[in-house]
Amino acid sequence: MPKPQKIIVDLENRALQITWHDQHVSIYDFTALRRACPCAECQPWKEGIGEWGKSPEKVLRAVGELGAVSDVTPVGGYAIQFHWQDGHTFGIYDWDYLRELCPCADCTAQSQ
Ligand SMILES: [Zn+2]
Ligand SMILES: [Zn+2]
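Predicted model, so just to flag it, every value in this text is computed and none were measured.

### A word on the overall build of the chain
A tally of regular secondary structure across the chain gives five helices and six strands. Listing every helix and strand of the chain by position from the N terminus yields β-β-β-α-α-α-β-β-β-α-α. Looking at the chain as a whole, 12% of its 112 residues qualify as buried. Relative to all contacts within the chain whose residues are 6 or more apart in sequence, the contacts with residues 24 or more apart total 35%.

In structure tokens, the structure reads:
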């Protein structure tokens, strides 16, 4: 399992930066993370059945401050949990999942 060496939560720029054990750096946008929420409730959206698949902007407006975070808490040393300002807190993002989500060019190329 990948392990983070350093985690920076940048509330102002709505970004999460993780420096991994292997020195790889991942920078995530809060909105992208919110959409990738791994909980069962958000699953239809990830699969494109939910409305985000069709019109992200529409849903962005509908839930208001989507992607805004009021708090980020560690979960048992293997994950972090976001407290989104839309009230949603179910998603627990473990290191494996976060590494998988890394939006950098290298990781995107690898996952294809
Ligand atoms: Zn969720
Ligand atoms: Zn990457």
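Don't stop here, the text continues.
### Some words on unusual backbone geometry
Not every positive phi belongs to a glycine, and Arg14 is a case in point at roughly 50°. Mapped onto the elements, Arg14 comes out in the loop between β1 (4-10) and β2 (15-20).

### Structural notes on the environment of Ile27
With respect to the element layout, Ile27 can be found in strand β3 (residues 25-29). Since 14 C-beta atoms lie within 10 Å of it, Ile27 is described here as partly exposed. Measuring from C-alpha to C-alpha, the distance between Ile27 and Cys104 comes to 7.7 Å, with 77 residues separating the pair along the chain. What Ile27 contacts, discounting residues up to four positions off in sequence, is Ala15 and Gln17.

Conventions we followed
- Residues numbered from 1 in each chain as written.
- Chains lettered and ligands numbered in written order.
- Predicted model: local features only at pLDDT ≥ 70, side-chain atom pairs only at ≥ 80, totals over all residues.
- Helix = DSSP H or I, 4+ residues; strand = E, 2+ residues; numbered from the N terminus.
- Buried ≥ 20, exposed ≤ 12 C-beta atoms within 10 Å, placed from the backbone.
- Contact = placed C-beta atoms within 7 Å.

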